[in-house]
Protein chains: 4
Amino acid sequence: MPKTIRFSVSIEKDLIDAFDDLCSRRGWTNRSEAVRDAIRRQLVEQEWEAGEEVVGIVTLLYDHHAAGLDKQLTEIQHEALGIVISTTHVHIDERNCLECIAVRGEARQIEELAHRMIGLKGVKHGELVGTSTGKKIH
Amino acid sequence: MPKTIRFSVSIEKDLIDAFDDLCSRRGWTNRSEAVRDAIRRQLVEQEWEAGEEVVGIVTLLYDHHAAGLDKQLTEIQHEALGIVISTTHVHIDERNCLECIAVRGEARQIEELAHRMIGLKGVKHGELVGTSTGKKIH
Amino acid sequence: MPKTIRFSVSIEKDLIDAFDDLCSRRGWTNRSEAVRDAIRRQLVEQEWEAGEEVVGIVTLLYDHHAAGLDKQLTEIQHEALGIVISTTHVHIDERNCLECIAVRGEARQIEELAHRMIGLKGVKHGELVGTSTGKKIH
Amino acid sequence: MPKTIRFSVSIEKDLIDAFDDLCSRRGWTNRSEAVRDAIRRQLVEQEWEAGEEVVGIVTLLYDHHAAGLDKQLTEIQHEALGIVISTTHVHIDERNCLECIAVRGEARQIEELAHRMIGLKGVKHGELVGTSTGKKIH
């Protein structure tokens, strides 16, 4: 059981009212959770800036008719064996595929791997989204 | 076979040299592809701004010991049956889970669904990354 | 004097320790202020999403040798008289200029104005950064 | 006069049609300029990632009634004498001020300076937007 403490925040009444409003509009039922969420978001950013071991998700939208693309994607992922955790393939329609590749490693290494896949001919759109291993983020 | 045309771009020599440099550092072998990539990126942004039918990926990092979280995630995804395409679950370590949920629908609707899941107690970090159905992006 | 209240946040000890660490590394001396900061950031985002009256800053990097560009920028800003608040011009070196244009208006209107200036021939790089009038953000 | 060359891009007809559409909606009259713009945007990102000498703009929204804030902002900027180029102050209303600080220096150094100012008590919202000295971006 992780040890939980309480700390108190002094805040202008108007500001916390506006925040409560936003929370309820977004379906966030718990103000503490919204604050912790904001705190964790900054810690994740910090891990990426510092080049630590992180987790990322590369999403690729591509046309599976593109010659040789499937093969190239598979090869790149196999070369990066220690980094790629899993790959999900989604059929959007008869032409368009979405591939979500979960990766884990040093931040710069992951960025390089993502750029390589995003830059392949036939990839229509690619993004790398960064998250964390969660080890230091409670 | 999609119809391909050529168009020409006038550009300062120094600018294209710097870009070729960047492309080679990123392992992009094809200058045309890098230009098309930049073009598509702006079209995807436009689809999201215009509130069209889009594809998104919600990534959630969470602690699977968090009481009731698994159940809540499953329920929310089942309620959003027409929107959720697929879910991948990755075990990061004994506590931390990564879930990547591919969704498809109207941009505002997807944002709302993502906010709901990201705001759940026990979710350490969540992001929505936006891509496209690819229908209008060739 | 705005009315100030206190609210308390329950949080895992490890999480708040990591946050205190980040705060001290960034020179943030006050944990409450860091939390309020995170809260306000989300409120500003919300104002832009909702299309409210907002404040933005358009930054343009351009080459002042670009024919007619100065004149076009001046004309666009004069047409947008009710929106443009002030313009600062910085001489980066003998060729490069930085212009920061503070604007205020409805979110979509500001985006349109920014896109027009950023798209001018001779503008090397442009960005719109969104902030708030501060009226609702305390 | 910088040397200009032409290069040609092969592209699917549907893709360039969609892009022309987007350009005209944004008031971009020139397809070459839109392509150059996209290219420069990636070069600016690269300068920041590589930690080169860059230009940034820190925008701060704050309440000028906040005790001591004006003084702290002035002091921080004076300590960072070699980095701060110019400061513009905009009166949004009777309480709210917008300050745009143009800075120039090594990327990490600028990020640190920006974080220090954004974290001050009384700053409601702050952002750092990154651009370039333009030296390598033509």
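First, a word on what this report is: a plain description of the structure on this page. (Residues numbered from 1 in each chain as written. Chains lettered and ligands numbered in written order. Predicted model: local features only at pLDDT ≥ 70, side-chain atom pairs only at ≥ 80, totals over all residues. Heavy atoms only, no water.)

## Considerations on the interface of chain C and chain D
Taken together, the contact between chain C and chain D spans 45 residues of the former and 45 residues of the latter. Of the roughly 3800 Å² buried where chain C meets chain D, counting both sides, 56% is carbon and sulfur surface. On the chain C side of the interface with chain D, the three residues burying the most area are C:Ile92, C:Lys124 and C:His125, jointly 15% of the side's total. Across the chain C-chain D interface, the total number found is four salt bridges. Close ionic contact of C:Glu127 with D:Arg41 constitutes a salt bridge, the shortest N to O distance being 3.2 Å. Taken together, the connections running from chain C to chain D amount to 19 residue pairs in polar contact (both at pLDDT 80 or more). Counting residues per element, the ones that place at least two in the side of chain C that touches chain D are helix 2 (31–49), strand 2 (53–63), strand 3 (84–91), strand 4 (96–106), helix 4 (107–118) and strand 5 (123–131) of chain C. For the side of chain C that touches chain D, the element with the highest residue contribution is strand 5 of chain C, accounting for eight residues. (Contact = heavy atoms within 4.5 Å. Buried area = accessible area lost by both parts, 1.4 Å probe. Salt bridge = Lys/Arg side-chain N within 4 Å of Asp/Glu carboxyl O. Polar contact = N/O pair within 3.5 Å; in protein donor to acceptor, adjacent residues only side chain to side chain. Helix = DSSP H or I, 4+ residues; strand = E, 2+ residues; numbered from the N terminus.)

## Observations regarding helix 2 (residues 31–49) of chain A
Residue and element names in this part refer to chain A. With 19 residues, helix 2 extends 28 Å between its outermost C-alpha atoms, agreeing within 8% with the 27 Å of an ideal straight helix rising 1.5 Å per residue. Counting buried positions over the 19 residues of helix 2 gives 15, a clear majority of the element. Note on helix 2: the residue one or two positions beyond its end, glycine 51, has a positive phi of about 70°. (Expected span 1.5 Å × (residues − 1). Buried < 20%, exposed > 50% of the residue type's maximum accessible area, 1.4 Å probe, protein only.)

## What about the relation of the copies chain C and chain D?
Superposition record for chain C on chain D: RMSD 0.1 Å, screw rotation 180°, translation along axis 0.0 Å. Classification of the inter-copy transformation places it as that of a two-fold axis. (Least-squares fit on C-alpha atoms with pLDDT ≥ 70 in both.)

## Quick look at helix 1 (residues 13–25) of chain D
For helix 1 of chain D, with 13 residues, the first-to-last C-alpha span of 18 Å sits near the 18 Å given by 1.5 Å per residue. Among all positions of helix 1 of chain D, only D:Leu15, D:Ile16, D:Ala18, D:Phe19, D:Leu22 and D:Cys23 are buried. Around the axis of helix 1 of chain D, the buried residues are gathered within 160° of arc, so they sit on the same side. Exposed residues lying more than 90 degrees from the buried face of helix 1 of chain D are D:Ser24 and D:Arg25. At its buried positions, helix 1 of chain D is contacted by strand 1 (4–12) and helix 2 (31–49) of chain B together with strand 1 (4–12) and helix 2 (31–49) of chain D. (Arc of directions from axis to C-beta.)

## A word on the nonpolar core
Across soluble globular proteins, nonpolar side chains have a tendency to be buried as a group. Grouped together as the largest cluster of nonpolar side chains are 76 residues, with contacts concentrated most on B:Leu60 and D:Leu60. Setting aside residues no more than four positions away along its own chain, D:Leu60 makes contact with D:Leu73, D:Cys97, D:Leu98, D:Glu99, D:Ile101, D:Met117, D:Ile118, D:Val123, D:His125 and D:Gly126. Among the nonpolar cores identified, the runner-up in size contains 74 residues, and A:Ile11, C:Leu15, C:Val35 and C:Leu69 belong to it. (Core = buried A, V, L, I, M, F, W, Y, C linked by side-chain atoms within 4.5 Å.)

## Quick notes on the side chain of A:His125
Looking at the secondary structure, you find A:His125 in strand 5 (residues 123–131). A relative accessible area of 3% means that A:His125 is categorised as buried. Reaching out from A:His125, the side chain makes a polar contact with the side chain of A:Glu127 at a distance of 3.2 Å. Not counting chain neighbours up to four residues away, the residues in contact with A:His125 comprise A:Thr59, A:Leu60, A:Leu61, B:Arg41, B:Val44, B:Gly130 and B:Thr131.

## Brief notes about the packing of helix 3 (residues 69–79) of chain B against helix 4 (residues 107–118) of chain B
Residues and elements named next belong to chain B. It is the contact of helix 3 with helix 4, at a shortest axis distance of 10 Å, that shows an interaxial angle of 170°. Viewed along their axes, helix 3 and helix 4 adopt a mutual orientation that is roughly antiparallel. Within the contact between the two elements, helix 3 uses Leu73, Ile76, Gln77 and Glu79 and helix 4 uses Leu113, Arg116 and Met117. By residue class, the composition of the contact of helix 3 with helix 4 is four nonpolar, one polar and two charged. (Axes fitted to C-alpha atoms, helices over the stretch in contact; angles between N-to-C directions. Parallel < 35°, antiparallel > 145°, perpendicular 65-115°, else oblique. Nonpolar A, V, L, I, M, F, W, Y, C, P; charged D, E, K, R; others polar.)

## Concerning the interface of chain C and chain A
Counting residues at the interface gives 34 residues for chain C and 34 residues for chain A. For the pair chain C and chain A, the two sides together bury roughly 4000 Å², of which 62% comes from carbon and sulfur. Here chain C and chain A share zero salt bridges between them. Along the contact surface separating chain C from chain A lie twelve residue pairs in polar contact (both at pLDDT 80 or more). Breaking the side of chain C that touches chain A down by element, the ones donating at least two residues are strand 1 (4–12), helix 1 (13–25) and helix 2 of chain C. Here the element with the most residues in the side of chain C that touches chain A is helix 2 of chain C; it accounts for eleven residues. Here nine bridges tie strand 1 (residues 4–12) of chain A to strand 1 of chain C, and the two strands are oriented antiparallel to one another. Bridging from a neighbouring strand, A:Ile11 pairs with C:Ile5 of strand 1 of chain C. (Pairing = 2+ DSSP bridges.)

## Points about the packing of aromatic side chains
For the structure shown, the criterion picks out zero aromatic pairs over all chains. One cation-aromatic arrangement involves D:Arg31 over B:Phe7; the distance from NZ or CZ to the ring centre is 4.8 Å. (Phe/Tyr/Trp six-rings, centres within 6.5 Å; stacked < 30°, edge-to-face > 60°. Lys NZ or Arg CZ within 6 Å of the ring centre and 35° of its normal.)

## Observations concerning the sheet that holds strand 3 of chain C
Residue and element names in this part refer to chain C. Strand order in the open sheet formed by four strands is 3-4-2-5, and the pairing between neighbours is antiparallel. What marks the edges here is a single partner per strand, and that holds for strand 3 and strand 5. Taken over all neighbouring pairs, the strand axes of this sheet differ in orientation by 15° on average, direction set aside. Here strand 2 runs beside strand 4; their pairing, made up of eleven bridges, is antiparallel. Of the residues in strand 4, the one forming a bridge with isoleucine 57 is alanine 102. Against the sheet, helix 3 (residues 69–79) touches strand 2, strand 3, strand 4 and strand 5, its axis set at about 170° to strand 2.

## Some words on the arrangement of the chains
The two partners chain B and chain C share no contact, and the minimum distance between any of their C-alpha atoms is 10 Å. One finds no contact linking chain A with chain D; the least C-alpha distance across the pair is 10 Å.

## Overview of the pairing of strand 2 (residues 53–63) of chain B
Residues and elements named next belong to chain B. Among the eleven residues in strand 2, ten count as buried, and that is most of the element. Two strands pair when backbone bridges link them, and strand 2 and strand 5 (residues 123–131) are joined in this way by eight bridges, in the antiparallel orientation. Bridge pairing links tyrosine 62 to valine 123 in strand 5.

## Brief notes about the pattern of salt bridges
Residue and element names in this part refer to chain D. This model, assessed by the stated rule, comprises 56 salt bridges over all chains. A salt bridge links arginine 36 to glutamate 33, with the nearest nitrogen and oxygen atoms 2.7 Å apart. In this pair, arginine 36 and glutamate 33 both sit in helix 2, three residues apart, roughly one turn of the helix. Glutamate 33 shares its class with arginine 36; the two are buried. Residue arginine 41 pairs with aspartate 37 through a salt bridge whose shortest N-O separation is 3.5 Å.

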